[in-house]
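Overview (structure and organization)
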Amino acid sequence: NVAYCLWPRGSGKTSGGIGPRLQHLSSVMPRSKCILYTDTFERNYDVVVPGIMDFVINEMGLREDEDFIKYKAAPAHWHKPLTPIDKYDKIISFRNGFALCLASAKVTGSANGHNAQSAIVDETKFVPQAKITNELLRALRGGRRQFGHLPEYRSHWCFTDKWQGEVKWMQERGKETKPELIKAVLTLAIKVEELKAKLRTITRPEDIAATKKQILDIETKLLPIRREMVYLSEAKPFENMEVLGEKWYRDQRRDCASVL
């Protein structure tokens, strides 16, 4: 339900974190709203959204104006969010009614007007904790009847690197992470995926019914646990060596040392 992803620059916060999270939220909570929150609207428009659009188009395979639309009203025949939207200049709408709502910590109250069901914060190190607590989280409301049983409901995931800004409060909150519980949840989640794969191979009605019951029993146990879980992910600097290459790290060590 709550995740703090403290990942170094170049570690794939958008392609490996924000993008997949949005894909998941739009799948499990269609017609919901997700607030995309950062320090300024300029950062959202110029940096965050372009990265997300790259994921949406090239990884999810969606097409602009056919599967999603930016900053203008969605076609009348598309599904609409549960809570109506009047102004679309800061909204990215999807065909299934999922809406990504841009908001900024610098503009007081920009998140308050939304009755949203989830939030993603990028460059969290530049966003005061008080803004997240007093403004953003209070905007996560509505849709309880449709989504209240899900751990994604009223969830917020924060992404940032650890340089320059303030991250200590996230590290402190991350102490609520319970590694053994997470290990148990992951084990059960993998079991669910194995059972879903099994469903695609079996044909006897009684076997299908039994497998579906197994999946339902496990997921029923997981939901209330995941709703209360907090997770801190602190990636180490060299974990992205395969993507960035050794030279990138050598250059960073040289250039950063010269500044210091």
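Structure report, in brief. (Residues numbered from 1 in each chain as written. Predicted model: local features only at pLDDT ≥ 70, side-chain atom pairs only at ≥ 80, totals over all residues. Heavy atoms only, no water.)

Observations regarding empty space enclosed by the protein
With the rule as written, the count across this model stands at 1 cavity of 30 Å³ or more. Of the volumes computed, that of the largest cavity is approximately 30 Å³. Lining the largest cavity are A74, H79, K80, P81, Y88, S93, F94, G97 and F98. Each residue belonging to the lining of the largest cavity can be placed in one class, and the counts come to 5 nonpolar, 3 polar and 1 charged. (1 Å grid on protein atoms, 1.4 Å probe; cavity = no way out; pocket = protein on both sides within 12 Å on 5 of 7 lines; lining within 4 Å. Points joined across faces, edges and corners; volume = space filled by probe spheres on them. Nonpolar A, V, L, I, M, F, W, Y, C, P; charged D, E, K, R; others polar.)

Some words on helix α7 (residues 205-226)
Here α7 spans 31 Å end to end across 22 residues, near enough to the 32 Å set by a 1.5 Å rise per residue. Taken residue by residue, α7 has T211, I215, I218 and L222 as its buried positions. All buried residues of α7 fall inside an arc of 75° around its axis, so they share one side. The exposed set on the far side of α7, more than 90 degrees from its buried face, consists of P205, K212, K213, L216 and K221. The inward-facing, buried residues of α7 contact α6 (179-199). (Helix = DSSP H or I, 4+ residues; strand = E, 2+ residues; numbered from the N terminus. Expected span 1.5 Å × (residues − 1). Buried < 20%, exposed > 50% of the residue type's maximum accessible area, 1.4 Å probe, protein only. Arc of directions from axis to C-beta. Contact = heavy atoms within 4.5 Å.)

Overview of the pairing of strand β5 (residues 99-104)
The buried count for β5 comes to 6 of 6 residues, which makes it a mostly enclosed element. Here β5 shows a buried face lined by A99, C101 and A103 and a second buried face lined by L100, L102 and S104. When strand β2 (residues 33-38) meets β5, the two strands line up parallel, connected through 6 bridges. Each residue of the ladder has a partner; that of C34, found in β5, is L100. Pairing analysis gives 3 bridges linking strand β4 (residues 91-94) to β5, with the strands arranged antiparallel. By the bridge assignment for β5, I91 is matched with C101. (Pairing = 2+ DSSP bridges.)

Section: the packing of aromatic side chains
Taken as a whole and judged by the stated rule, the model has 7 aromatic pairs. Between W7 and F159 the ring centres are 5.8 Å apart and the planes differ by 80°, which places this aromatic pair in the edge-to-face class. Here F159 lies in strand β7 (residues 155-160) and W7 lies in the loop between β1 (2-6) and α1 (14-28), a separation of 152 residues in the sequence. An identical accessibility class is assigned to W7 and F159; each is buried. Of the aromatic side chains, those joined through ring pairs into one cluster are W7, W157 and F159. Lying across the ring of W157, R21 places its NZ or CZ 3.9 Å from the centre. One cation-aromatic arrangement involves K90 over F41; the distance from NZ or CZ to the ring centre is 5.2 Å. (Phe/Tyr/Trp six-rings, centres within 6.5 Å; stacked < 30°, edge-to-face > 60°. Lys NZ or Arg CZ within 6 Å of the ring centre and 35° of its normal.)

Re the packing of α6 against α7
Following both chains from N to C, one finds α6 and α7 inclined at 155°, their axes separated by 10 Å at the closest point. With respect to each other, α6 and α7 are oriented roughly antiparallel. Crossing geometry of α6 relative to α7 is assigned as left-handed. Here α6 contributes L181, V185, L188, A189, K191, V192, L195, K196, K198 and L199 to the contact with α7, which in turn contributes I208, T211, K212, Q214, I215, I218, E219, L222, I225 and R226. Looking at side-chain class alone, the contact of α6 with α7 contains 12 nonpolar, 2 polar and 6 charged residues. (Axes fitted to C-alpha atoms, helices over the stretch in contact; angles between N-to-C directions. Parallel < 35°, antiparallel > 145°, perpendicular 65-115°, else oblique. Left-handed = near helix turned anticlockwise from the far one by under 90°.)

Topic: the nonpolar core
By size, the foremost hydrophobic cluster in this structure holds 27 residues, and its most contacted members are L22, L36, I52, I92 and I120. Counting residues per element, this core draws most heavily on helix α2 (residues 41-58), at 6 residues. Residues contacting I52, with those up to four places away along its chain left out, are T14, I18, L22, L36 and L100. Grouped together as the second largest cluster of nonpolar side chains are 22 residues, V2, I35, A116 and L140 included. (Core = buried A, V, L, I, M, F, W, Y, C linked by side-chain atoms within 4.5 Å.)

Digging into the sheet that holds β7
Here we have 8 strands laid out as an open sheet, ordered β3-β4-β5-β2-β6-β7-β1-β8, and mixed in their pairing. Strands with a single pairing partner mark the edges of an open sheet, and in this sheet they are β3 (68-70) and β8 (230-234). Direction aside, neighbouring strands of the sheet carry axes that sit 15° apart on average. Pairing between β1 and β7: 5 bridges, direction parallel. Bridge pairing in β7 links C5 to F159. Against the sheet, α1 touches β2, β5, β6 (118-122) and β7, its axis set at about 170° to β6.

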